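Structural overview for review
These are the residues of each chain, in order.
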Protein chains: 2
Amino acid sequence: MAQRLIFFHSFLAKTKLYFTIFQCILRKKCEVMDLEFISKLVKQNNSKIVLLVLDGLGGLSLEKDGLTELETANTPNLDKLSKKSICGLQIPVGNGITPGSGPGHLGLFGYNPIKYQVGRGVLAATGIGFDLKPDDIAARGNFATIDENGDVTDRRAGRIPSEKNKELCRLLCENINIPGVDVFIETVKEYRFLLVLRGKDLKSNILDTDPQQLDVQPLKTKPTNPDSVNTADIVNEFLRQAKDILKDQKPANMVLLRGFSEKPDWPRFPEVFGLKSAAIASYPMYRGLAGLIGMDNLEIKDGSIEEEFNVLKNNWEKYDFFFVHIKKTDSYGEDGNFNSKVKIIEQVDSMIPSLLDLNPDVILVTGDHSTPSLLKYHSWHPVPVILYSKYCRADNCESFGERECMKGGLGARFPAEDLMPLALANAKRLEKFGA
Amino acid sequence: MAQRLIFFHSFLAKTKLYFTIFQCILRKKCEVMDLEFISKLVKQNNSKIVLLVLDGLGGLSLEKDGLTELETANTPNLDKLSKKSICGLQIPVGNGITPGSGPGHLGLFGYNPIKYQVGRGVLAATGIGFDLKPDDIAARGNFATIDENGDVTDRRAGRIPSEKNKELCRLLCENINIPGVDVFIETVKEYRFLLVLRGKDLKSNILDTDPQQLDVQPLKTKPTNPDSVNTADIVNEFLRQAKDILKDQKPANMVLLRGFSEKPDWPRFPEVFGLKSAAIASYPMYRGLAGLIGMDNLEIKDGSIEEEFNVLKNNWEKYDFFFVHIKKTDSYGEDGNFNSKVKIIEQVDSMIPSLLDLNPDVILVTGDHSTPSLLKYHSWHPVPVILYSKYCRADNCESFGERECMKGGLGARFPAEDLMPLALANAKRLEKFGA
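Reading guide: rules and limits
- Residues numbered from 1 in each chain as written.
- Chains lettered and ligands numbered in written order.
- Predicted model: local features only at pLDDT ≥ 70, side-chain atom pairs only at ≥ 80, totals over all residues.
- Heavy atoms only, no water.
- Helix = DSSP H or I, 4+ residues; strand = E, 2+ residues; numbered from the N terminus.
- Buried < 20%, exposed > 50% of the residue type's maximum accessible area, 1.4 Å probe, protein only.
- Contact = heavy atoms within 4.5 Å.
- Areas by Shrake-Rupley, 256 points an atom, 1.4 Å probe, with all protein chains shown as cover.
- Phe/Tyr/Trp six-rings, centres within 6.5 Å; stacked < 30°, edge-to-face > 60°.
- Pairing = 2+ DSSP bridges.
- Axes fitted to C-alpha atoms, helices over the stretch in contact; angles between N-to-C directions.
- Salt bridge = Lys/Arg side-chain N within 4 Å of Asp/Glu carboxyl O.
- Core = buried A, V, L, I, M, F, W, Y, C linked by side-chain atoms within 4.5 Å.
- Disulfide = S-S within 2.5 Å.
- pLDDT = per-residue confidence, 0-100.
- Polar contact = N/O pair within 3.5 Å; in protein donor to acceptor, adjacent residues only side chain to side chain.
- Parallel < 35°, antiparallel > 145°, perpendicular 65-115°, else oblique.
- Left-handed = near helix turned anticlockwise from the far one by under 90°.
- Nonpolar A, V, L, I, M, F, W, Y, C, P; charged D, E, K, R; others polar.

1. Topic: the overall build of chain A
Along chain A, the regular secondary structure elements total 15 helices and 13 strands. Taking all 435 residues of chain A together, the buried fraction comes to 56%. Taking the contacts inside chain A whose residues are at least 6 apart along the sequence as the reference set, 73% of them involve residues at least 24 apart. On chain A, roughly 19500 Å² of surface is accessible, and the fraction owed to carbon and sulfur atoms is 49%.

2. So, the packing of aromatic side chains
Residues and elements named next belong to chain B. Evaluated as defined, the whole model comprises 24 aromatic pairs over all chains. Arranged with centres 5.2 Å apart and planes meeting at 75°, the rings of Tyr111 and Tyr116 form a pair that is edge-to-face. On the basis of relative accessible area, Tyr111 is assigned to the buried category, the value being 0%. A ring pair is formed by Phe269 and Phe273, whose centres lie 5.0 Å apart and whose planes are at 65°; its orientation type is edge-to-face. Taken as a pair, Phe269 and Phe273 lie in helix α9 (residues 269-273) at a separation of four residues, close to a single helical turn.

3. Re helix α10 (residues 284-292) of chain B
Residue and element names in this part refer to chain B. For α10, every residue scored as buried is listed here: Tyr286, Gly288, Leu289, Ala290 and Leu292. Residues of α10 that are buried in the fold lie against α5 (101-108), α6 (120-127), β8 (277-280), β9 (296-297) and β10 (321-326). Backbone geometry just after α10 places Gly294 at a positive phi near 95°.

4. Things to note about the pairing of strand β11 (residues 362-366) of chain A
Residues and elements named next belong to chain A. Counted residue by residue, β11 has five buried out of five residues, so it is predominantly covered. Here strand β1 (residues 49-54) runs beside β11; their pairing, made up of five bridges, is parallel. Directly across from Val50, in β11, lies its bridge partner Ile363. The pairing of β11 with strand β12 (residues 383-389) spans four bridges and is classified as antiparallel. Note on β12: the bridge partner recorded for Val362 is Ser389.

5. Here's the deal with unusual backbone geometry
The residue after Lys250(A), namely Pro251(A), is reached through a cis peptide bond having omega -5°. Secondary-structure assignment places Pro251(A) in the loop between α8 (229-245) and β7 (254-261). Despite not being glycine, Arg159(A) shows a phi value in the positive range, around 45°. When you line up the elements, Arg159(A) lands in the loop between β4 (152-154) and α7 (162-175). Take Arg159(A): its relative accessible area is 49%, and that puts it in the partly exposed class. Of note, Lys428(B) is a non-glycine position whose phi angle comes to about 55°, a positive value. On the secondary structure map, Lys428(B) appears in the segment after α15 (419-426).

6. Looking at the sheet that holds strand β9 (residues 296-297) of chain A
All names here are of chain A. In space, the eight strands of this open sheet follow the order β9-β8-β10-β1-β11-β12-β2-β13, with mixed pairing throughout. Lying at the two open borders of the sheet, with one neighbouring strand each, are β9 and β13 (414-415). With four bridges joining them, strand β8 (residues 277-280) and strand β10 (residues 321-326) adopt parallel strand pairing. Opposite Ser277, over in β10, you have Phe321 as the bridge partner. Along the sheet, helix α15 (residues 419-426) makes contact with β1, β2 (86-91), β10, β11, β12 and β13, crossing β11 at roughly 155°.

7. Examining the pattern of salt bridges
Scanning all chains against the criterion turns up 29 salt bridges over all chains. As a salt-bridge pair, Asp320(A) and Arg429(A) come within 3.6 Å of each other at their nearest N and O atoms. Linking Asp320(A) in the loop between α11 (305-314) and β10 with Arg429(A) in the segment after α15, this pair joins segments that are 109 residues apart in sequence. Note on Arg429(A): relative accessible area 0%, which makes it buried. The partner of Glu71(B) in a salt bridge is Arg403(B), and the shortest N-O contact between them spans 2.7 Å.

8. Here's the deal with the side chain of Ser228(A)
Of note, Ser228(A) is situated in the loop between β6 (192-198) and α8. For Ser228(A), the residues in contact, after removing those within four places along its chain, are Lys203(A), Ser204(A), Asn205(A), Ile206(A) and Pro223(A).

9. Details of the nonpolar core
One finds Phe269(B) and Phe273(B) to be the most contacted residues of the largest nonpolar core, which totals 61 residues. A per-element tally of this core places α15(B) first, with six residues. The next biggest cluster of nonpolar side chains, apart from the first, holds 51 residues, and it includes Ile49(A), Leu108(A), Phe321(A) and Leu364(A).

10. Side note on the state of the cysteines
Residue and element names in this part refer to chain A. The full count for this structure, using the stated rule, is zero disulfides over all chains. Cysteine Cys169 is unpaired, with the sulfur of Cys173 as its nearest cysteine sulfur at 6.6 Å. Look at Cys169 and you get buried, because its relative accessible area is 3%.

11. Considering the sheet that holds β8(B)
Residue and element names in this part refer to chain B. Strand order in the open sheet formed by eight strands is β9-β8-β10-β1-β11-β12-β2-β13, and the pairing between neighbours is mixed. Strand pairing shows two members of the sheet lacking a second neighbour, β9 and β13 (414-415), which therefore form its edges. The pairing of strand β2 (residues 86-91) with β13 spans two bridges and is classified as parallel. Bridging from a neighbouring strand, Ile91 pairs with Pro415 of β13. On top of the sheet, helix α11 (residues 305-314) reaches β1 (49-54), β8 and β10; it is set at about 175° to β10, its chief contact. Against the sheet, α15 touches β1, β2, β10, β11 (362-366), β12 (383-388) and β13, its axis set at about 155° to β11.

12. As for the confidence of the model for chain A
All names here are of chain A. Scored by pLDDT, chain A has a mean of 92; 93% of the residues are at 70 or more. Here residues 11-30 scores under 50 on pLDDT; set against residues more than four positions off or in separate chains, the count is 17 contacts. Listed scores for the predicted complex are pTM 0.87 and ipTM 0.85.

13. Thoughts on the side chain of Ser204(A)
Residue and element names in this part refer to chain A. Locating Ser204 in the fold gives a position in the loop between β6 and α8. At a separation of 2.7 Å, a polar atom in the side chain of Ser204 contacts the side chain of Glu262. Residues within four places of Ser204 in sequence aside, it is in contact with Ile137, Ser228, Phe260, Ser261 and Glu262.

14. What to know about the packing of α5(B) against α10(B)
All names here are of chain B. Contact pair α5 / α10: the axes reach a minimum separation of 11 Å and the direction vectors enclose 45°. What the angle tells us is that α5 and α10 run oblique. When the axes of α5 and α10 are compared, the crossing they make is right-handed. The residues of α10 that touch α5, namely those facing Ser101, Gly102 and His105, are Met285, Tyr286 and Leu289. For the contact of α5 with α10, the class distribution of residues is three nonpolar, three polar and no charged.

15. Let's talk about the environment of Val32(B)
If you trace the backbone, Val32(B) turns up in the loop between α1 (2-31) and α2 (35-41). The exposure class assigned to Val32(B) is partly exposed, which follows from its relative accessible area of 40%. The contacts of Val32(B), once residues within four sequence positions are left out, are Ile114(A) and Phe37(B).

16. Points about α15(A)
Residues and elements named next belong to chain A. The buried count for α15 comes to six of eight residues, which makes it a mostly enclosed element. Along α15, the residues that are buried comprise Leu419, Met420, Pro421, Ala423, Leu424 and Asn426. Just past α15, the residue Lys428 takes up positive phi, approximately 55°.

Below, the structure is given as structure tokens:
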């Protein structure tokens, strides 16, 4: 009888737990329009969608009451397109949040950038085009300086030049020896490098070794999960050897590691949205991001804007979705070069007729974030959007610019991750929801 | 053996279930831009932020096609400020929701007002400036009338005047005797009072005793958690004694209790946002709310608008963030006094130059909710906002008013809780999210 009672209680407890989980899942599902929700509505047709991303497009005026870079640029073709489009301003991550390139693009691709976070290590690998395997562990490394007591005196080793970095990576590669583990050490830029460990049963649940402050010793890593004890031991052995190998170097005589991570096992873009998808991007970071979610990266040679639009034209029949990435709007924004950012926007504008000649069903023109020349940095400001399709319900926007887009039909600050569902809808690629 | 195996499986299943729930909760946390998310991005600098709250600012016109209180007011300084700002209308809690003062302000302070709910008892304590200790149990009380059968005939005892209330509170204080428990009974207003119990191991998980209907007996409280059995017994003993002490009073011969609660253990505003923060407010409720989340309350004497701006000036160097609260816009709104509400807005407008003289990096001007004179009550209407900073990306708003703000760059109904992240971003106090 006692046994039966215990079983009964156990049964009750389980039922209650299942119920809680069920409620939890139910609530989650009901409240958000996530990839799974959209994916179930996807249907096929022959339509074509182009997502044209001018990196860091949004800007600010240099003077009080002045014009932004986009407002200054002479863009007759984008203005004409905006008149037959629905426009607006999108928020990549959230109000007030300045996105990195990863979150900025993931939002445009329809992935909630707070849910889908790329580890620093994976992003570093992505950024230099390192072909990360599913079980690899990646970390972002800094060359740093420590004093005779072993305390960190410079977390960036005086920002050593990339050439010195390459020399040190070679030195480490030649001398590190951890049985059973392949160790890859690759230069990223200046004091930054990529560490990749490849071996059996490696796990990324381990802590950073960068103490993020001076005058303390670099940290040893620690596992945050029992499955990572072995990996932590391997990383600490790597650190021991690296310290020894670098001991006579100046100023870079130590390494600090951050953001241990594995290639994420995310839903793949082509499957989620039912789109055979191609990325046309010249920079490794963006090619890597597109690759992470399963897009094909088309071959680029000189990386000019003209080349990117030619590649688009030459592959038009092979894909349903094209992500075209223009880098230099962001680069000039970060340089604080207002006029050159304007010129790049004008150059893209001049390519718009060749895009229209292909007769896409849906065109999105936007950026992954703002990079105002005034701030010389990514910023939190919402990003202008053009959404063109035959069925877009055009608004009253007369030109393509920050202030004009504020009055647009998409609203003055709508979530970037809603652009993909809108694009699919305009391409007639989404079924009705519910009967 | 078989039994043991089953138990083991049961244990495993439960562990796995708990883990799933945990993951589920974890994931949910990761997807939203909550205090934790923002807090991780906060960095320090010397910028200063002013949040100027005109309580109940939003309004309605008295006549068809007429102007609201704010639109009627002659506000040359706010209009001028709005031209170099980004404007909009914020929703304090949600579309259609009329906020109380607690949720209205918590939203402005960046706290999701649906997640961070203040118990009625704590709010009553806050409202009269009662210094609640961490383990105190507070409840909102009504003096009520019961008939000879003990049934409630008036839940508000004919809205007895505050003077009578004070007399009854004294009577109760002098005669209640519960060994081991300090009992505080304080007048709030008219029929409302505050009950605070201070003792060992008191817990607030107990039910209201107000039946919320007439012709039934007041309820005894019940524990909703095993840890509150003792507290429920104490409250029921208090009710027994109070009924006896008040038995010959007319019309207030009984008490009803609601909203048993403890001082919440919330993230503190200065730590979350990295801001040394001061509240400049003359009414106890708002001083109490600011105190609950860890702001310093600056000393106020006569409570005039001029005094508040003087206190701001005199403390300018000591803080990073100032919450300045103007009460009378709401009071006149609740009185249905359209013209006096207009006059208060004009008076605040006249103080704006002295605010600008301090050269704040970010200025927010808004309300905690609307209080249209037409409705004589808080309302659900979105509230006008000015957000000024050098980097705000000014929109096309030409003046400060409900209709003008609808075309603002912040949008026509954006969440109040996004104002703090926006203010921090404009003060350059947020790091980039993701690489």
